[in-house]
Each structure stands twice: as structure tokens, then as C-alpha cells.
Amino acid sequence: MGIPGASSVIPAMPEAPAPLRGWQLATLTAIRDEAPSVKTLAFSLPQWAGHLAGQHIDLRLTTDDGYQAERSYSIASPSGHIPLVEITVERIADGEVSPFLTEQLSLGDTIELRGPVGGYFTWSADNPAPLMLIAGGSGIVPLMSMLRTRARAANRPPARLLYSSRNFEEIVFRSELDGLVVTQDGLSVAHTLTRGAPANWNGETRRVDPEMLAKYAFPATQAPHNFICGPTAFVETVADRLVALGHPETVIKTERFGPTGERA
Amino acid sequence: MITDARTADGNAVAGPLSQIFAFDVTRMIVTCSACGSESPLGALRLYGDTMGMVLRCVRCGEVNLRALQFNGIISLDARGATRMTFPLPANLR
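Calculation rules
Residues numbered from 1 in each chain as written. Chains lettered and ligands numbered in written order. Predicted model: local features only at pLDDT ≥ 70, side-chain atom pairs only at ≥ 80, totals over all residues. Helix = DSSP H or I, 4+ residues; strand = E, 2+ residues; numbered from the N terminus. Rg over C-alpha atoms; globule rule 2.2 N^0.38 Å. Buried ≥ 20, exposed ≤ 12 C-beta atoms within 10 Å, placed from the backbone. Contact = placed C-beta atoms within 7 Å. Pairing = 2+ DSSP bridges. Axes fitted to C-alpha atoms, helices over the stretch in contact; angles between N-to-C directions. Domains from an automatic or database assignment. Nonpolar A, V, L, I, M, F, W, Y, C, P; charged D, E, K, R; others polar. Core = buried A, V, L, I, M, F, W, Y, C linked by C-beta atoms within 7 Å.

Next up on the list: the overall build of chain A. A count of helical and extended segments in chain A gives 5 helices and 11 strands. Against the 2.2 N^0.38 benchmark of 18 Å for 264 residues, chain A shows a C-alpha radius of gyration of 18 Å, consistent with a compact globule. On the principal axes, the C-alpha backbone points of chain A span a range of 55 × 55 × 40 Å. Expressed as a percentage of the 264 residues in chain A, the buried residues total 42%. If you take every contact in chain A between residues at least 6 apart in sequence, the share linking residues at least 24 apart comes to 72%.

The next point concerns the overall build of chain B. Along the backbone of chain B there are 1 helix and 7 strands. Going residue by residue from the N terminus, the α and β elements of chain B occur as α-β-β-β-β-β-β-β. Projected onto the principal axes, the alpha-carbon positions of chain B cover approximately 40 × 30 × 25 Å. When burial is assessed residue by residue, chain B has 46% of its 93 residues classed as buried. Restricting the contact set of chain B to residue pairs at least 6 apart, pairs at least 24 apart contribute 46%.

Residue and element names in this part refer to chain B. What you see with strand β1 (residues 29-32) is no split at all: I29 and T31 on one side and V30 and C32 on the other are buried throughout. Sheet topology note: the β1/strand β2 (residues 38-40) ladder contains 3 bridges and is antiparallel. Note on β2: the bridge partner recorded for V30 is S39. From the end of β1 to the start of β2, which pair antiparallel, there are 5 residues, and G36 there has a positive phi angle of about 80 degrees.

Residue and element names in this part refer to chain A. Spatially, β9-β8-β7-β10-β11 is the arrangement adopted by the 5 strands of the open sheet, whose pairing is parallel. Each having just a single partner strand, β9 (187-193) and β11 (252-257) make up the two edges of the open sheet. Strand-to-strand twist across the sheet, computed as the mean angle between neighbouring axes with direction ignored, equals 10 degrees. Pairing analysis gives 5 bridges linking strand β7 (residues 131-136) to strand β10 (residues 225-231), with the strands arranged parallel. From the neighbouring strand, M132 faces β10, where its bridge partner is N226. Contacts between helix α5 (residues 232-244) and the sheet are confined to β7, β10 and β11, with β10 contributing the most and set at about 155 degrees to the helix.

On to the domain arrangement of chain A. Residue and element names in this part refer to chain A. Splitting chain A by domain gives domain 1 (24-117) and domain 2 (131-257). Distance between the C-alpha centres of domain 1 and domain 2: 24 Å. Domain 1 puts 14 residues into the contact, and the matching count from domain 2 is 14 residues. When its residues are assigned to classes, the side of domain 1 that touches domain 2 shows 7 nonpolar, 5 polar and 2 charged.

With that out of the way, let us pick up the sheet that holds strand β7 (residues 81-85) of chain B. Residue and element names in this part refer to chain B. Taken together, the 3 strands give an open sheet; going across it, the order is β2-β1-β7, and neighbouring strands pair in antiparallel fashion. Two strands close off the open sheet at either side, each with one partner strand: β2 and β7. Each strand of the sheet is rotated relative to its neighbour by a mean of 25 degrees, with strand direction disregarded.

On to the environment of Y163 of chain A, then. Residues and elements named next belong to chain A. Structurally, Y163 is set in strand β8 (residues 159-165). Looking at Y163, the number of C-beta atoms within 10 Å reads 27, which means it is buried. Setting aside anything within four residues of it in sequence, one finds Y163 in contact with A135, I140, V189 and H191.

Looking now at the nonpolar core. Nonpolar side chains tend toward joint burial in soluble globular proteins. Residues and elements named next belong to chain A. Among the nonpolar cores identified, the biggest contains 78 residues, and L133 and L143 are the most heavily contacted of them. Ranked by residues supplied to this core, first place goes to helix α2 (residues 140-151) with 6 residues. Each of domain 1 (24-117) and domain 2 (131-257) accounts for three or more of the residues forming this core. Residues in contact with L143, not counting those within four places in the same chain, are L133, A135, L161, F227 and C229.

Next up, the structure:
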């Protein structure tokens, strides 16, 4: 039990812009294919106070009979004040909202949007600590916002991405990540494929394990800030392993995706 | 149906609760009433969906917070949290 006001668990978090309350009508202005069943959707907005890398938006769908479904999506585009926000959505075959977003919503259509929201899983470029990003599957999306934000910043801390995908084709943002690494600005990217790799693959081919973290993560002595995003079981396993490697919990931020209440 | 791959932790309540709180709740530190562990709300484990969200302690599974949203109201049950600690934004310190 901690002492009120002296808690050691309050992590360093950048100030988030005050959220715009309530819903606004966003217009779909661009669609990009990123990987099989993964699309990026760009929305233009009447108002936008800016956002931090790692923040979310909520989308709300209302059917003709009044039924509403709300979903929270990580913002993929870099931090900034431009009233255009991108999300990257994986289509889940029996999902309630993602098939609509990825297959039915057309350019020029409008949808209710709220945000940006969330200040916990956020990073801003004025944080000089080494930046360690660990992604499982579509958990790459908020981490991509951080890398895009970093790539536009004047001062860039050293950064590493460890990205676990099922197979080569499902690596989201693969060519963009390659392009970021080519600039040699202190970013390194390591991929691991858990369900088979092409013949000429020179990355890792297993689940993220302690040896892989020891090889690719910043050591605790460098005091990195760690962001882990992916399916629940992936995130909790990796977070536990970082703690075991000596990283304080206050510098391990997690965001879990998946069917709620279920271990992936 | 809650089958979409989507946020499965306290980060998902940021939007609904942004309508009633003046600050971002995901940064709030929640003290579990069962095991005493402290965690940012954003890191708690989420069950349910936006109509009825249950946030559980990552360590022991205790229900720390329940948020119900229906018929134009939001109802919070916080009996599983003995304390909530808020980092004040810079302009309020």
C-alpha cells in the first residue's frame, strides 16, 4: 500500500490536450490497404485540439432502429494539430464494427467520432528516455503513431521496436518501418514471425521470450520507457518479463487488444 | 457481440468517462480494495463493453470499478477501489 500523494506508481506521462467533449461528425477522406484485412482510414474533422501519440478516438455507429455500438481505436497518425486523424483497423470476420469500417464505409461518408481520449498510454517527443516499443499484431498501431511522431521531432531519443507478427504478409506498415530504419536516426526494428517465415527471412521466428528481450530491449540500466501493445496474453507476458529483467513497473506502459475479458 | 479486436483495458473507458470528468481518468491511480496494489486506471483489465464496463485488478482480479452507461446516464460503482489518486495537470497545480 502506498502513501497518498507519494505514490511510486504514478508513471511519467505527458500532458494530454483537453479532450473535446461529445461527438462530432467525421468525414472519411482516404482509405489505404496496409496488409490483408488491415486498412488505414483517414477522417477529417470539424474541430481538433491536437493529440498525443498513443491516444484514442471513439467511433459510434447507430443503426436505423437506434441500436448503437461504440468502439475505441488507437490513432495511427503522428501527434499534431492537423484536423485529420488516421486509424488502422484490422477486419475481424465476425466483428460487429470492423467489417463495417473496412468494407462498407465509403469515401465522403460521415461517422460519429469522439476524442482524442486517454492520457496513460502516451508518448511525446520531449521525453528524452530511450523508447522501447514492443508490438504484437495490430498492437503496432499506437506504437506507429509514436514512431511517426518521433520521425518528425527535432530531438529523437534512441528507439527500438520489437514487432511480433504471425507471418510476413501480416506485418503492418512493413515498408514504412523499413524506410524509417534507413534514415539511421537511432531507430532499430526487429521482427519476429510466430507462424512461419519466408525462405530468405533473417529475423526471429518464435514468440517473444526472455532471450529475445535481452537481445533487443534496452537494458534497465539505460532507464528506457517501455510501451507494449498487443493481445492481452502477449502484453501481460512481455510486461512480466520486463519486470523480471529489472525494469520498474512505472516505466512499463501497456495496452491490450482483444475480445474483452478473454485471455488471447 | 464483443468479437472485434479492440481495447481490452482501462484505456477504453477514457471516452465514455471524458463526458463526466474534467480530467483524463486513465492516468488516475487506483488502489485495489482486495490486494492493495496500485495501478493506473488505463492498465486495469476490462470486461464487458461500453454499456457495462467492469475494470478488474491486474494482480488479483478484484472488480475495482464498474461503469454503466444507458438511457442517458453514466453510473459508477467504485467499491472495489479504496483510493483514487489523480496527477493534476500542470495548469491546476
